[in-house]
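Here is how the chains run, residue by residue.
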Amino acid sequence: MSSTRTTQVGALLEGLADGSVEIVDLTQPLSESTPVIKLPPPFANTPRLSREEISRYDNRGPAWAWYTLTIGEHAGTHLDAPIHWITGKDGADVASIPPSMLIGPACVVDKTAETEANPGYLLTVDDLEAWEAENGRLPERAWVLMRTGWQSRAQDEAAFLNVGQNGPETPGPDVDASRWLAHERPISGFGTETVGIDAGAGGGFDPPFPLHNLLLGAGRLGLTQLANLDRLPITGALIVVSPLRLVGGTGSPSRAFALVPKG
Ligand code: MN
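These numbers were taken from a predicted model, which means no experiment stands behind them.

S.K.: Where do I start with the pairing of strand β7 (residues 143-147) in this structure?
M.R.: Regular strands show a simple pattern: their side chains alternate between the two faces of the sheet. Counting buried residues in β7 gives 5 out of 5 residues, a clear majority hidden from the surface. Burial along β7 is two-sided: Trp143, Leu145 and Arg147 and Val144 and Met146, pointing in opposite directions, are all buried. The pairing of strand β5 (residues 103-110) with β7 spans 5 bridges and is classified as parallel. Bridge pairing in β7 links alanine 106 to tryptophan 143.

Here it is as structure tokens:
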């Protein structure tokens, strides 16, 4: 058994060495200009990233540079822990999430064309069942990644948040799809290219923000502001999500990678 495991890890290492397994960075660059969500009054908002110099090769530290960061937990490419939502308040903080939930099969649901036609596209149970009819049942520990092409807006805050007269218009699951994802399949999480795991219109749904409510309430995870989902196959890639192990954290800026077999 242990030699089989060694062989499998060895095959992965060989694939990384010979290029038959590619590493795709799913993370958006994090800077002072990275867009963050903007809630309407009376709600409080998260700070974006800001940095204060501690020293920069000067009399405060002649040979070194370093900074103090100020950043919201939910800024840039980031993880939502179960305790982010009131329905998950007795669940895991970021530090308590088992690593087995942070590494798993990447299952891409491609709604790029639909989102081009309708930026507020709502993912449905029919969409998810059609995906399974084509690709098989979502496996244990899967990450469902909603590919929409939204990453093309990631450096333009107004286009990325896409707030109009009727509020934010961004794609995400409808209420029934949120319930299905939370309760019908053994997934670890749901990832998106947009600023939050719910659709922009989700604040007006019943329950409000249904994916946050149901998915985090079921102890599962969210992952936002992803990049390069267009470089993943529909199935067959492995995702690795690396949040800070922040004690009491409701979320964390995260690095996310996919290991993708080529050819
Ligand atoms: Mn969040």
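S.K.: Please explain the packing of aromatic side chains as it appears in this structure.
M.R.: The description of an aromatic ring pair uses the distance of the two centres, along with the angle that the planes make with each other. Using the criterion set out here, one finds 1 aromatic pair in the structure. Here the aromatic rings of tryptophan 85 and phenylalanine 209 are separated by 5.7 Å at their centres, their planes lie at 70°, and the arrangement is edge-to-face. Of this pair, tryptophan 85 sits in the loop between β4 (78-80) and β5 while phenylalanine 209 sits in the loop between β11 (189-192) and α6 (210-217), placing them 124 residues apart in sequence. Among the residues examined, phenylalanine 209 registers a relative accessible area of 30% and is labelled partly exposed. Over the ring of tryptophan 150 we find arginine 153; its NZ or CZ atom is 3.8 Å from the centre of that ring.

S.K.: Would you explain the side chain of threonine 34 in this entry?
M.R.: Mapped onto the secondary structure, threonine 34 falls in the loop between β1 (21-25) and β2 (50-58). Here proline 29 takes part through its backbone oxygen, which lies 3.3 Å from a polar atom of the side chain of threonine 34. Within polar-contact distance, the side chain of threonine 34 engages the backbone nitrogen of serine 31 at 2.8 Å.

S.K.: I keep staring at the pattern of salt bridges and nothing clicks. Help me out?
M.R.: Working definition: two side chains of opposite charge can pair if their charged atoms are close together. Considering all chains together, one arrives at 13 salt bridges under this definition. Residue arginine 60 is joined to aspartate 58 by a salt bridge in which the shortest nitrogen-to-oxygen separation is 2.7 Å. What makes aspartate 58 partly exposed here is its relative accessible area of 22%. A single salt-bridge network, built from bridges that share partners, covers Lys38, Arg48 and Glu157.

S.K.: Before we go on, may I ask you to explain the coordination of the manganese ion in this structure?
M.R.: Note on metal geometry: ideal angles are 109.5 degrees for four donors arranged tetrahedrally and 90 or 180 degrees for six donors arranged octahedrally. The manganese ion binds to the protein through His74 (ND1), His78 (NE2) and Asp80 (OD), with metal-donor distances spanning 2.0 to 2.3 Å. In primary-sequence terms, the residues that donate to the manganese ion follow H-x3-H-x1-D. Aspartate 80 shares its class with histidine 74; the two are buried.

S.K.: Sorry, what's going on with the pairing of strand β14 (residues 251-261) here?
M.R.: Counting buried positions over the 11 residues of β14 gives 8, a clear majority of the element. Examined bridge by bridge, β1 and β14 share 5 bridges and lie antiparallel to one another. Note on β14: the bridge partner recorded for isoleucine 23 is leucine 259. Sheet topology note: the β4/β14 ladder contains 3 bridges and is antiparallel. Note that in β14 the partner of histidine 78 across the bridge is proline 253. The sheet contact formed by strand β13 (residues 237-243) and β14 spans 6 bridges and is antiparallel. When the bridges of β14 are listed, valine 241 appears paired with alanine 256.

S.K.: Help me out: how do you make sense of unusual backbone geometry in this one?
M.R.: Negative phi is the rule for most residues except glycine; trans is the rule for most peptide bonds. In the segment running from proline 41 into proline 42, the intervening peptide bond is cis, with an omega of 10°. Tracing the sequence through the fold places proline 42 in the loop between β1 and β2. Non-glycine residue asparagine 162 carries a positive phi angle of around 50°. Within the secondary structure, asparagine 162 is located in the loop between α4 (157-161) and β8 (163-164).

S.K.: Is there a simple way to think about helix α3 (residues 125-135) in this case?
M.R.: Think of an α-helix as turning once every 3.6 residues; residues three or four places apart then point the same way. Those residues of α3 not exposed but buried are Val125, Asp127, Leu128, Trp131 and Glu132. Mapping the buried residues of α3 onto a view down its axis gives an arc of 160°, with all of them on the same face. Turned more than 90 degrees off the buried face of α3, the exposed positions are Asp126, Ala133 and Glu134. Buried residues along α3 sit in contact with β5, β6 (122-123) and α5 (175-183).

S.K.: Which parts of the structure should I look at to understand the nonpolar core?
M.R.: If you look at the biggest cluster of nonpolar residues, it comprises 23 residues, and the most contacted ones within it are Leu26, Leu79, Trp143, Leu145, Leu223, Leu232 and Ile239. If we skip the residues at most four places from it in the chain, leucine 26 touches Thr77, Gln225, Leu226, Ala227, Asn228, Leu229, Leu232, Ile239, Ala256, Phe257 and Ala258. Core analysis: the next-biggest nonpolar cluster, separate from the first, contains 21 residues, Met146, Trp180, Ile187 and Leu214 among them.

Cut-off values and rules
- The residue numbers shown here count from 1 along each chain, following its written sequence.
- With the structure being a predicted model, the display of local features is reserved for residues of pLDDT at least 70 and the display and counting of side-chain atom pairs for 80 or more, all residues being used for whole-chain, interface and lining totals.
- To get the side-chain values, take all heavy atoms of the structure and skip hydrogens and water.
- Each residue is placed in one exposure class: buried if its accessible area under a 1.4 Å probe, protein chains only, is under 20% of its type's maximum, exposed if it is over 50%, and partly exposed if it falls in between.
- Strands here mean DSSP runs of E at least two residues long; helices mean DSSP runs of H or I at least four residues long; both are numbered from the N terminus.
- Two strands qualify as a pair provided that DSSP identifies no fewer than 2 bridges between them.
- Between 30 and 60 degrees the pair is tilted, below 30 it is stacked and above 60 it is edge-to-face, where a pair is any two Phe, Tyr or Trp rings, Trp via its six-membered ring, whose centres lie within 6.5 Å.
- Only Lys NZ and Arg CZ are tested; either one counts as a charge over a ring when it is within 6 Å of the ring centre and within 35 degrees of the ring normal.
- Distance and chemistry together define a polar contact, namely a pair of N or O atoms within 3.5 Å, with one atom able to donate a hydrogen and the other to accept it when in protein, and with adjacent residues in sequence counting only for side-chain atoms on both sides.
- Criterion for a salt bridge: a side-chain nitrogen of Lys or Arg within 4 Å of a carboxyl oxygen of Asp or Glu.
- Atoms are scored as donors when they are N, O or S and lie within 2.8 Å of the metal, with 3.2 Å used for Na, K and Ca; no water is included, so coordination may look incomplete.
- Directions pointing from the helix axis toward each C-beta atom define the arc.
- Contact criterion: two residues are considered in contact whenever any of their non-hydrogen atoms come within 4.5 Å of each other.
- Residues belong to one nonpolar core when they are buried, are Ala, Val, Leu, Ile, Met, Phe, Trp, Tyr or Cys, and are joined through side-chain atoms within 4.5 Å.

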